[in-house]
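Working through the structure, step by step
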Amino acid sequence: MIYPTRIAVLAAAIGVPVTLLVAMLFPATWYAGLGWPLAVLALVLADAVLAGVRARVVLVLPRSAAVGVPLIVPIEIEIAARQAISSVQVALAPDPLLAFAEAAPLEIALVAGQGTGTITLTPVRRGKVRLGKLWVRWAGPLGLAWRQARIDEDRTLPILPDIEPVRRQGAQIFQRHAVQGLLAQSDRGDGTDFDALVEFRPGVDRRAIDWKQSARHRKLYAKEYRTERNSQIVFAIDSGRQMSEPVDGIPRVDRAVSAALLAGWLALKLGDRVALHAFDSRPRMASGFIGGAGAFTELQHLAAGIDYSGDETNYTFALTTLAARLKRRSMIVLFTEFTDPISADFMVKAVARLLKTHLVLIVVLRDDELETIVDHAPGHAADVTRAVTAAALLRDRRLVFLRLRHLGVHVIESPYDQVAERLVEGYVDLKRRSLL
């Protein structure tokens, strides 16, 4: 595509008064005034010819990207022109999964027709990005004509959950909590899994004495236990409408996925088995249990398949289906969000049925927006109305948490940037107390 630059348009516009003046002063030779715009047009065409006709653009894409983590993509440009081109502008087709750091087209300097640059992309949601259309334009040597080319490339970039917290914090958290029987090695004397029968010695809990064996051997014997392994951890992630809303630019469901991956990595390290369950109006994903530290890659790809949804969450259907799949006692970590007491009541009733067999831990992100409205000093009458409404919503929210705790549910309400570490601390605490 060829079209004039701003300089060419201004040059043609300047010639309009000259053309009118020539037509008024010399009516017989009025056509002489057309010489100016025709000359500009000829220069534009000549500039377009000198600008060249071929452009080659190469995007150096990684194998995958993490949601919420800025990605720097190198771009290689090559322009075949009859005259030297000093710079070129590049623009990518917009995509709902990406946010571009540069609002204007990226300008890349060229040396001998070649140049390199970088464009910063920030994935805002998980999925597969198709970078199929790319536009390149450059001006001719005279600066009067734009040459624009559209390059179609069928390139895809998978957007996966952010595992940077796992890499950065995983080892530190593991070392911090790797005490009191939480290492993958056998730790006797702690836990509920029977290990051996030993002679009674001072310091051993008297409740561990096996009176039948003691009577048989005429000596006091006590049962020795070790930390239980192979516990089942289910991360149930609500992907409904409320969880798809962003918190600081990242959807709640992505915050939940990142926290689940960190806790899942630690659980796999400690010998437990992990499963993922995603739901909105109905169950969307129900994976089997996986175990071993090497299974984390499979867990990551399973989490990448959790999609966003605009449906209302059906807790009864989802949690009843989950309970039917579990054949033994498990720890269910439920990531969810609620704003009205009706949906919260359905959640409480569904969770109450799970508590008959399983251990339930509910993780909710703290609603900083409501707390900010409540704490903000009102300046107008509308601010008072907002503060009263926000305070009522927070009160209903705390009543739901109180009902859950009275039932025996463990609840974690955390800021969005601390949810992963708070979840790990809660999991480790429950494991130390042998509640799994």
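My aim in this report is to walk through the structure given alongside it, one point at a time.

Rules used throughout
Residues numbered from 1 in each chain as written. Predicted model: local features only at pLDDT ≥ 70, side-chain atom pairs only at ≥ 80, totals over all residues. Heavy atoms only, no water. Helix = DSSP H or I, 4+ residues; strand = E, 2+ residues; numbered from the N terminus. Buried < 20%, exposed > 50% of the residue type's maximum accessible area, 1.4 Å probe, protein only. Pairing = 2+ DSSP bridges. Axes fitted to C-alpha atoms, helices over the stretch in contact; angles between N-to-C directions. Salt bridge = Lys/Arg side-chain N within 4 Å of Asp/Glu carboxyl O. Core = buried A, V, L, I, M, F, W, Y, C linked by side-chain atoms within 4.5 Å. Contact = heavy atoms within 4.5 Å. Right-handed = clockwise from strand over helix to strand, strands pointing away. Patch = residues over 30% accessible without salt bridge, like charges linked within 9 Å, V, L, I, M, F, W, Y side chains within 5 Å. Areas by Shrake-Rupley, 256 points an atom, 1.4 Å probe, with all protein chains shown as cover. Expected span 1.5 Å × (residues − 1). Phe/Tyr/Trp six-rings, centres within 6.5 Å; stacked < 30°, edge-to-face > 60°. Lys NZ or Arg CZ within 6 Å of the ring centre and 35° of its normal. Parallel < 35°, antiparallel > 145°, perpendicular 65-115°, else oblique. Nonpolar A, V, L, I, M, F, W, Y, C, P; charged D, E, K, R; others polar.

Along the chain, D280 turns up in the loop between β16 (273–279) and β17 (283–286). Note on D280: relative accessible area 2%, which makes it buried.

Spatial strand order, β2-β4-β8-β6: 4 strands in an open sheet with antiparallel pairing. Two strands close off the open sheet at either side, each with one partner strand: β2 (54–59) and β6 (98–100). Pairs of neighbouring strands in the sheet enclose a mean axial angle of 35°, with direction left out of account. Inspection of the sheet shows β2 paired to strand β4 (residues 71–80) by 6 bridges, in the antiparallel sense. Bridged to V57 within β4 is I77.

Note on pairing: side chains with opposite charge can pair once their charged atoms come close. Within this structure, the stated rule accounts for 14 salt bridges. Salt-bridge contacts for E337 lead to R252; the nearest nitrogen and oxygen are separated by 3.8 Å. Residue E337 is found in the loop between β19 (331–335) and α8 (341–354), and its partner R252 is found in helix α5 (residues 252–269); the two are separated by 85 residues along the sequence. Here the two residues E337 and R252 agree in accessibility, since each one is buried. Across the salt bridge formed by D368 and R366, the nearest N and O atoms sit 3.1 Å from each other. Overall, the relative accessible area of 27% leaves D368 in the partly exposed class. Given the relative accessible area of 34%, R366 is considered partly exposed.

Another aspect to go through is the nonpolar core. Ranked by internal contacts, the top residues of the largest apolar core, which has 46 residues, are F235 and F335. Those elements that provide at least two residues to this core are β13 (232–238), α5, β16, α6 (296–304), β19, β20 (359–365) and α11 (419–432). No other element matches the 12 residues that α5 contributes to this core. Contact partners of F335, with chain neighbours within four places excluded, come to F235, A236, I237, D238, M243, A256, A259, A260, V363 and L423. Membership of the second largest hydrophobic core comes to 30 residues, among which are A51, L92, L110 and L121.

Now for the pairing of β20. The element β20 is largely enclosed, with a buried count of 7 among its 7 residues. Judged by which residues are buried, β20 turns out to be covered on both faces: L359, L361, V363 and L365 on one side and V360, I362 and V364 on the other are all buried. Tracing the backbone out of β19, into α8 and back to the parallel element β20 gives a crossover that is right-handed. For β20 and strand β21 (residues 410–414), the ladder comprises 5 bridges, and the chain directions are parallel. Bridge pairing in β21 links V363 to I412.

Attention now moves to a nonpolar patch on the surface. Taken together, the side chains of L21, M24, L25 and F26 present a nonpolar region at the surface, about 470 Å² in accessible area. Within the secondary structure layout, L25 lies in helix α1 (residues 6–25).

Moving on: α8. Each α-helix turn comprises 3.6 residues. Residues three or four places apart therefore point the same way. Spanning 14 residues, α8 covers 20 Å between terminal C-alpha atoms, matching the ideal 20 Å at 1.5 Å per step. For α8, the complete set of buried residues consists of S343, A344, M347, V348, A350, V351 and L354. Contacts made by the buried residues of α8 are with α7 (315–325), β19, β20 and α10 (381–407).

Another aspect to go through is the environment of V129. Secondary-structure assignment places V129 in strand β9 (residues 127–139). Take V129: its relative accessible area is 0%, and that puts it in the buried class. Residues V129 and D95, spaced 34 residues apart in sequence, show a C-alpha to C-alpha distance of 7.2 Å. Residue contacts for V129: discarding those within four places in its chain leaves D95, L97, L98, R155, T156, L157 and I159.

By the definition in use, this model includes 3 aromatic pairs. The side chain of R125 reaches across the aromatic face of Y308, ending 4.6 Å from its centre.

Another point: the side chain of S231. Within the fold, S231 resides in the loop between β12 (221–226) and β13. Among the residues examined, S231 registers a relative accessible area of 4% and is labelled buried. Those residues in contact with S231 that sit more than four places away from it in its chain are D272, R273, R328, K431 and L436.

Where α8 contacts α10, the two axes come as close as 11 Å, and the packing angle between them is 10°. Between α8 and α10, the crossing angle belongs to the class labelled roughly parallel. Residues A344, D345, M347, V348 and A352 of α8 pack against V400, R403, L404 and L407 of α10. Grouping the amino acids of the contact of α8 with α10 by side-chain chemistry returns 7 nonpolar, no polar and 2 charged.

So, on to unusual backbone geometry. Of note in the backbone geometry, R218 takes a positive phi value of approximately 55° without being a glycine. For R218, the position within the fold is in the loop between α4 (211–217) and β12. For R218, a relative accessible area of 79% corresponds to the exposed category. A positive phi angle is found at D248, which is not glycine, with a value near 55°. Assignment of secondary structure puts D248 in the loop between β14 (246–247) and β15 (250–251).

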